[in-house]
Amino acid sequence: MSETQEIKDGLTVLEETEGREDATYDHIVKYTGFLGGIQVLTILVSVVRNKLAAVLLSTAGVGLSALYQSVIGFLHNTSNLGISFSSIKEIAEYYGQKTIRKKFSGR
(Lines give C-alpha, C1' and ligand atoms only; values in the text may rest on other atoms or scores of the structure.)
Protein backbone atom coordinates (compact mmCIF):
# COMPACT_ATOMS: atom_id res chain seq x y z
CA MET A 1 0.00 0.00 0.00
CA SER A 2 1.16 3.51 -0.68
CA GLU A 3 1.50 6.15 2.02
CA THR A 4 -1.63 7.99 0.87
CA GLN A 5 -3.81 4.87 1.05
CA GLU A 6 -2.44 3.52 4.29
CA ILE A 7 -4.16 5.72 6.84
CA LYS A 8 -7.69 7.00 6.44
CA ASP A 9 -9.44 8.29 9.57
CA GLY A 10 -7.10 6.27 11.78
CA LEU A 11 -7.80 2.97 10.00
CA THR A 12 -5.88 1.22 7.31
CA VAL A 13 -7.78 0.56 4.11
CA LEU A 14 -7.72 -3.15 4.88
CA GLU A 15 -9.33 -2.69 8.31
CA GLU A 16 -12.01 -0.44 6.80
CA THR A 17 -12.84 -3.08 4.19
CA GLU A 18 -13.07 -5.79 6.84
CA GLY A 19 -15.50 -3.66 8.82
CA ARG A 20 -17.71 -3.28 5.77
CA GLU A 21 -17.62 -7.05 5.18
CA ASP A 22 -18.72 -7.69 8.78
CA ALA A 23 -21.55 -5.20 8.37
CA THR A 24 -22.53 -6.90 5.12
CA TYR A 25 -22.65 -10.32 6.78
CA ASP A 26 -24.71 -8.89 9.66
CA HIS A 27 -27.07 -7.39 7.10
CA ILE A 28 -27.36 -10.71 5.25
CA VAL A 29 -28.06 -12.68 8.44
CA LYS A 30 -30.61 -10.13 9.63
CA TYR A 31 -32.66 -10.17 6.44
CA THR A 32 -32.31 -13.91 5.91
CA GLY A 33 -33.81 -14.42 9.37
CA PHE A 34 -36.54 -11.92 8.59
CA LEU A 35 -37.50 -13.67 5.35
CA GLY A 36 -37.31 -17.07 7.06
CA GLY A 37 -39.72 -15.82 9.74
CA ILE A 38 -42.13 -14.67 7.06
CA GLN A 39 -41.94 -18.12 5.42
CA VAL A 40 -42.76 -19.82 8.74
CA LEU A 41 -45.71 -17.48 9.26
CA THR A 42 -46.96 -18.19 5.73
CA ILE A 43 -46.77 -21.94 6.34
CA LEU A 44 -48.67 -21.65 9.63
CA VAL A 45 -51.43 -19.58 8.00
CA SER A 46 -51.65 -22.13 5.20
CA VAL A 47 -52.00 -25.02 7.68
CA VAL A 48 -54.79 -23.22 9.57
CA ARG A 49 -56.56 -22.33 6.31
CA ASN A 50 -56.41 -25.93 5.10
CA LYS A 51 -57.65 -27.23 8.45
CA LEU A 52 -60.64 -24.88 8.35
CA ALA A 53 -61.36 -25.91 4.77
CA ALA A 54 -61.21 -29.58 5.78
CA VAL A 55 -63.62 -29.05 8.67
CA LEU A 56 -66.07 -26.90 6.68
CA LEU A 57 -65.93 -28.55 3.25
CA SER A 58 -65.05 -32.20 3.99
CA THR A 59 -62.71 -34.22 1.78
CA ALA A 60 -64.48 -33.52 -1.51
CA GLY A 61 -64.42 -29.76 -0.86
CA VAL A 62 -60.71 -29.82 -0.04
CA GLY A 63 -60.05 -31.73 -3.27
CA LEU A 64 -62.00 -29.18 -5.29
CA SER A 65 -60.21 -26.35 -3.51
CA ALA A 66 -56.83 -27.88 -4.41
CA LEU A 67 -57.96 -28.30 -8.01
CA TYR A 68 -59.03 -24.64 -8.20
CA GLN A 69 -55.73 -23.54 -6.67
CA SER A 70 -53.82 -25.59 -9.25
CA VAL A 71 -55.76 -24.04 -12.14
CA ILE A 72 -55.21 -20.53 -10.76
CA GLY A 73 -51.48 -21.24 -10.31
CA PHE A 74 -51.22 -22.58 -13.85
CA LEU A 75 -52.98 -19.53 -15.31
CA HIS A 76 -50.77 -17.20 -13.27
CA ASN A 77 -47.57 -18.90 -14.40
CA THR A 78 -48.56 -19.03 -18.08
CA SER A 79 -49.65 -15.40 -18.16
CA ASN A 80 -46.49 -14.27 -16.32
CA LEU A 81 -44.25 -15.57 -19.15
CA GLY A 82 -41.08 -15.40 -17.03
CA ILE A 83 -41.13 -11.62 -16.68
CA SER A 84 -39.65 -11.78 -13.18
CA PHE A 85 -36.60 -13.70 -14.40
CA SER A 86 -35.96 -11.40 -17.35
CA SER A 87 -36.32 -8.29 -15.19
CA ILE A 88 -33.59 -9.56 -12.85
CA LYS A 89 -31.24 -9.85 -15.82
CA GLU A 90 -32.08 -6.33 -17.02
CA ILE A 91 -31.63 -4.81 -13.55
CA ALA A 92 -28.27 -6.54 -13.11
CA GLU A 93 -27.06 -5.28 -16.49
CA TYR A 94 -28.19 -1.73 -15.68
CA TYR A 95 -26.47 -1.84 -12.29
CA GLY A 96 -23.27 -3.09 -13.91
CA GLN A 97 -23.32 -0.28 -16.46
CA LYS A 98 -24.00 2.30 -13.75
CA THR A 99 -21.10 0.98 -11.65
CA ILE A 100 -18.74 1.07 -14.62
CA ARG A 101 -19.83 4.63 -15.45
CA LYS A 102 -19.14 5.72 -11.87
CA LYS A 103 -15.64 4.23 -11.90
CA PHE A 104 -14.60 5.94 -15.11
CA SER A 105 -16.40 9.26 -14.74
CA GLY A 106 -15.30 9.87 -11.15
CA ARG A 107 -18.84 10.46 -9.84
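As the structure is a computational prediction, the values presented were derived from the model and not from experiment.

Rules used throughout
- Residues numbered from 1 in each chain as written.
- Predicted model: local features only at pLDDT ≥ 70, side-chain atom pairs only at ≥ 80, totals over all residues.
- Heavy atoms only, no water.
- Helix = DSSP H or I, 4+ residues; strand = E, 2+ residues; numbered from the N terminus.
- Buried < 20%, exposed > 50% of the residue type's maximum accessible area, 1.4 Å probe, protein only.
- Areas by Shrake-Rupley, 256 points an atom, 1.4 Å probe, with all protein chains shown as cover.
- Patch = residues over 30% accessible without salt bridge, like charges linked within 9 Å, V, L, I, M, F, W, Y side chains within 5 Å.
- Salt bridge = Lys/Arg side-chain N within 4 Å of Asp/Glu carboxyl O.

Q: So what about the overall build of the protein chain? Which residues, and what values?
A: On a plain count of helices and strands, the protein chain comes out with three helices and zero strands. Beginning at the N terminus, the succession of helices and strands in the protein chain can be written as α-α-α. The buried share among the 107 residues of the protein chain stands at 2%. If you sum the accessible surface of the protein chain, you get close to 9800 Å²; carbon and sulfur atoms cover 67% of it.

Q: So what about the environment of Lys51? Which residues, and what values?
A: Among the secondary structure elements, Lys51 is positioned in helix 2 (residues 13-80). Note: C-alpha distance between Lys51 and Val62 (11 residues apart in sequence) is 9.4 Å.

Q: Summarise a nonpolar patch on the surface; cite the residues concerned and give the values.
A: Together, Val48, Leu52, Val55, Leu56, Leu57 and Val62 line one region of the surface with nonpolar side chains, adding up to about 580 Å² of accessible area. Structurally, Leu52 is set in helix 2.

Q: Can you break down unusual backbone geometry residue by residue, with the values?
A: Backbone geometry places Ser58, a non-glycine residue, at a positive phi of 70 degrees. Here Ser58 is to be found in helix 2.

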